[in-house]
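Each chain is listed here by its residues.
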Amino acid sequence: AGPGRALPSAGSSKWEIREKVWEHLEASGLAEFPRPVRGRIPNFKGSLQACCSLGELDVFSRAREVKVDPDKPLEGARLAALQARKTLLVPTPRLRTGLFNRIVPPPGASKEILRRCATSQGVKDYSVPVGLDGKAQVDLVVVGSVAVSEKGWRIGKGEGYADMEYAMMVSMGAVQEDTPVVTIVHDCQVLDIAEELLDDHDLTVDYILTPTRTIQTNCKRPKPQGIMWHKVSSEMLGKIPILKTLRCREKQAGKDVTLQDEHPALANTNRAAISNKKVMAANPQPRAAPGSAPVGQPHVGSEPVNPKLEGSDPVTTVYVGNLPGSLRVSELKSALRELQVVPAGLKWQGAQHRAFLDYRDQGAAHRAVSSLQGLSLGGNALRAELAKSQRSKG
């Protein structure tokens, strides 16, 4: 058993695996800035050492254009690409503008400046956007991971951006079937992952670099073949402008670009969500000043937030945690509307970074949990689960 085997057992869900890795890195003192590592591609002690092994890979020596994600633990990989005078492409965080930026150091840049170019600030200061027609030909892809198995199965932070970036690169012809994918993690992030946890849009990796070893996975599972539109939500489409452009092109090319939430089977649930909207609007919550205790907040589980719910149908309550301190209740409500999981009642506890959502329909509550779990709001990956105490009457 290698050093990572103490972590999750097979049969865990992706979220259990993520939580355990994040927890382990913090508890063992391996987590590095930015902390806490929860909700992120975690930075770890030894990441620079692991990144140095990139230079020893043939696939790196041969590569002319290298795409490296913007995560902090991959800073050493971005530096290695710049020092080797390769073309470095970095996706814009959360793909807010375009797909890539090309990092262009000033002519004759010193080591110090190259180092700065590899940081997240440098990525902003020295970059030139590459459009869809920028004819990028990526020879090597470097992604961050939360967990990865020696077989090449990868678990990201749960927002789907790495899978989406790869699918977009396939769609624009920037990567081929055989373009190698490398991930860089701490030894404890290498663990067994059950193959049934993988979706067909999940990106697999060919090489894993850790501070102590280089693993070639020989993974035979095919990588995503482009964008699977039926897996893309209209929310994601709204967040990623370049995705809209790609979708128009693929539509013109005669592809089926029906989104996840446009399938006819889902039409009924949308109508139910609209009828819930009125309830929500009629239930405003006082907005607390940042950092203060929320105004007039009942203690958890004392009185129902919405008297109309009292004595009516049984209510299923969903707990939403890890809300960023800067988030407003209105932003959470608009996310719930976009996801079409509008609750009948909402108890906002922003100062405690959580909220409780009441649903009259159990199915809606379960849909809310699966849509909200891992959703990124204000830079935090949310936690969502059915509340521990399904509130009893009185």
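Residues numbered from 1 in each chain as written. Predicted model: local features only at pLDDT ≥ 70, side-chain atom pairs only at ≥ 80, totals over all residues. Heavy atoms only, no water.

You'll find the chain entered in an unreviewed UniProt entry as Methenyltetrahydrofolate synthase domain-containing protein, with Chloropsis hardwickii given as the organism.

Colleague: I keep staring at the sheet that holds strand β5 (residues 140–143) and nothing clicks. Help me out?
Modeller: What holds strands together in a sheet is hydrogen bonding between their backbones, with the strands either parallel or antiparallel. Spatial ordering of the open sheet is given by β4-β3-β2-β1-β5-β8-β9-β10, a layout of 8 strands whose pairing is mixed. For this open sheet the edge positions go to β4 (127–130) and β10 (214–216), each flanked by a neighbour on one side alone. Neighbour-to-neighbour, the strand axes of this sheet turn through a mean angle of 25 degrees, independent of strand direction. Bridge analysis of strand β8 (residues 181–184) against strand β9 (residues 207–209) gives 3 bridges, and the strand direction is parallel. Note on β9: the bridge partner recorded for Val 182 is Tyr 207. Each of β1 (65–68), β2 (87–91), β3 (100–103), β5 and β8 is contacted by helix α4 (residues 75–83), which is oriented at about 150 degrees to β2, the strand it contacts most. (Pairing = 2+ DSSP bridges. Helix = DSSP H or I, 4+ residues; strand = E, 2+ residues; numbered from the N terminus. Axes fitted to C-alpha atoms, helices over the stretch in contact; angles between N-to-C directions. Contact = heavy atoms within 4.5 Å.)

Colleague: Would you mind showing me how to read the environment of Lys 20 here?
Modeller: Along the chain, the position of Lys 20 falls in helix α1 (residues 14–27). Taking C-alpha positions, Lys 20 is 9.8 Å from Arg 38, a pair spaced 18 residues apart along the chain.

Colleague: How should I be thinking about the pattern of salt bridges in this particular structure?
Modeller: When the charged atoms of two side chains with opposite charge come close together, those side chains can pair. Enumeration according to the criterion identifies 17 salt bridges in this entry. Close ionic contact of Glu 150 with Arg 213 constitutes a salt bridge, the shortest N to O distance being 3.2 Å. One end of the pair, Glu 150, is in the loop between β6 (147–148) and β7 (154–155); the other, Arg 213, is in the loop between β9 and β10, and 63 residues separate them in sequence. Glu 235 is paired through a salt bridge with Lys 239; the nearest N and O atoms lie 3.7 Å apart. With a gap of 4 residues between them, Glu 235 and Lys 239 both fall in helix α8 (residues 234–239), about one helical turn apart. Taking relative accessible area as the criterion, Glu 235 reaches 12% and is therefore assigned buried. (Salt bridge = Lys/Arg side-chain N within 4 Å of Asp/Glu carboxyl O. Buried < 20%, exposed > 50% of the residue type's maximum accessible area, 1.4 Å probe, protein only.)

Colleague: Looking at this model, I keep getting lost on the pairing of strand β12 (residues 345–349). Mind explaining?
Modeller: Two faces belong to every sheet, and in a regular strand the side chains alternate between them. Burial analysis of β12 places 5 of its 5 residues in the buried class, which makes it a mostly covered element. Here β12 shows two buried faces, one formed by Gly 345, Lys 347 and Gln 349 and the other by Leu 346 and Trp 348. Here 5 bridges tie β12 to strand β13 (residues 354–359), and the two strands are oriented antiparallel to one another. By the bridge assignment, Lys 347 is partnered in β13 with Phe 356. Hairpin remark: β12 followed by β13, antiparallel, with 4 residues in the connecting loop; positive phi at His 353, about 60 degrees.

Colleague: I'm lost on the packing of α4 against helix α5 (residues 111–118) in this one. Help?
Modeller: Two measures define how a pair of helices packs: the angle their axes make with one another and the distance between the axes. Orientation of α4 relative to α5, taken along the N-to-C sense of each, is 135 degrees, at an axis distance of 8 Å. Between α4 and α5, the interaxial angle falls into the category oblique. The way α4 lies across α5 gives a crossing that is right-handed. For the pair α4 and α5, contact is made by Glu 75, Arg 78, Leu 79, Leu 82 and Gln 83 and by Lys 111, Leu 114, Arg 115, Cys 117 and Ala 118, respectively. Tallied by class, the residues present in the contact of α4 with α5 amount to 5 nonpolar, 1 polar and 4 charged. (Parallel < 35°, antiparallel > 145°, perpendicular 65-115°, else oblique. Left-handed = near helix turned anticlockwise from the far one by under 90°. Nonpolar A, V, L, I, M, F, W, Y, C, P; charged D, E, K, R; others polar.)

Colleague: Explain unusual backbone geometry to me, please; I cannot follow it from the model alone.
Modeller: With glycine set apart, most residues show a phi of negative sign, and most peptide bonds adopt trans. The omega angle of the peptide bond from Phe 33 to Pro 34 is -5 degrees, so this bond is cis rather than trans. Of note, Pro 34 is situated in the loop between α1 and α2 (47–52). Cis geometry is adopted by the peptide bond preceding Pro 36, which originates at Arg 35 and carries an omega value of -15 degrees. Inspection of the secondary structure assignment puts Pro 36 in the loop between α1 and α2. Even without being a glycine, Asn 322 presents a positive backbone phi close to 60 degrees. Within the fold, Asn 322 resides in the loop between β11 (316–321) and α11 (329–338). Exposure remark for Asn 322: the relative accessible area of 24% places this residue in the partly exposed category.

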